[in-house]
Amino acid sequence: EIQQDFEQDTKTIAQVRSGDNLSLIFDRVGLTPQDVYRVSNSSGDASILTRLYPGYNLVFDIDGAGDLNQLDVLINPLESYTFKLNEMNRFDVAHIEREPQLIPTYKEATINDSLFLAAQRGGISAAITMEIAGIFGGVVDFMLDTRVGDNFNVLYDERHLDGEYIGNGSIQVAQYTNQGENFTARSE
């Protein structure tokens, strides 16, 4: 599937594709090899421009005369680089790292069939379920030892950025009750 580049407001967004390099991307958005040179020789750490991977988004702020004013390299929702044109007609580089908001989340489930189906019914993600299985795998054989009525609960952090869920953080506490015997694990 080919990701189409598109314009948003005065900005042009280009997604890095397999086989791309900076020159190809700049050419796609109408910029010149001179623009590539100027951004690559920015004051600051421009090495990210030599490590572009498929899925990164490049956001170009190009004025009406076709001049590049700013380039944002969006690695993921939490990390980016900004190349901003300064008064001396050079680009300054800023590395931006954002911290997600961690929201403690408690979930519990009772087993009627399998750990994974119980977790799914309890609204617990597959990734958290795999972590639970890994945590308690040394004391509970989830293929042979689980019984109807066994239950488990987990307290973990959900990661949010700008009010939107972006993934799970770490498990703080997990508890599994297997045939009346309780097992508890806490993060350190």
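Residues numbered from 1 in each chain as written. Predicted model: local features only at pLDDT ≥ 70, side-chain atom pairs only at ≥ 80, totals over all residues. Heavy atoms only, no water.

Turning to the pairing of strand β8 (residues 151-161), a few remarks are in order. Counting buried positions over the 11 residues of β8 gives eight, a clear majority of the element. Relative to β8, strand β7 (residues 101-110) runs antiparallel, the two sharing 10 bridges. In the sheet register, Gln101 faces β8, and the bridge partner there is His160. Where β8 and strand β9 (residues 164-178) come together, 10 bridges link them in antiparallel fashion. (Buried < 20%, exposed > 50% of the residue type's maximum accessible area, 1.4 Å probe, protein only. Helix = DSSP H or I, 4+ residues; strand = E, 2+ residues; numbered from the N terminus. Pairing = 2+ DSSP bridges.)

Here we take up the pattern of salt bridges. A complete count under the given rule lists five salt bridges for this structure. In this structure, Asp162 engages Arg98 in a salt bridge whose closest nitrogen and oxygen atoms are separated by 2.6 Å. Of the two residues, Asp162 is situated in the loop between β8 and β9 and Arg98 in the loop between β6 (91-97) and β7; the sequence distance between them amounts to 64 residues. Classification of Asp162 by relative accessible area gives exposed; the value is 62%. Here Asp113 ties to Arg121 by a salt bridge, and the two come within 3.3 Å at their closest N and O atoms. (Salt bridge = Lys/Arg side-chain N within 4 Å of Asp/Glu carboxyl O.)

Let's shift gears to helix α2 (residues 33-40). Every buried residue of α2 is listed here: Asp35, Val36 and Val39. The arc that holds the buried residues of α2, viewed along the axis, is 105°, so those residues lie on one side. With respect to the buried face of α2, the exposed residues turned more than 90 degrees away are Pro33, Gln34 and Tyr37. Packing partners of the buried residues in α2 comprise α1 (22-28), β4 (68-76), β5 (79-85) and β6. (Arc of directions from axis to C-beta. Contact = heavy atoms within 4.5 Å.)

Read across the sheet, four strands follow the order β7-β8-β9-β10 without closing on themselves; strand pairing throughout is antiparallel. On the outer flanks of this sheet lie β7 and β10 (181-186), each paired with one strand and no other. Strand-to-strand twist across the sheet, computed as the mean angle between neighbouring axes with direction ignored, equals 25°. For β9 and β10, the ladder comprises six bridges, and the chain directions are antiparallel. Of the residues in β10, the one forming a bridge with Tyr176 is Phe183. (Axes fitted to C-alpha atoms, helices over the stretch in contact; angles between N-to-C directions.)

So, to be careful, I would describe these as geometric facts and stop short of saying anything about function.
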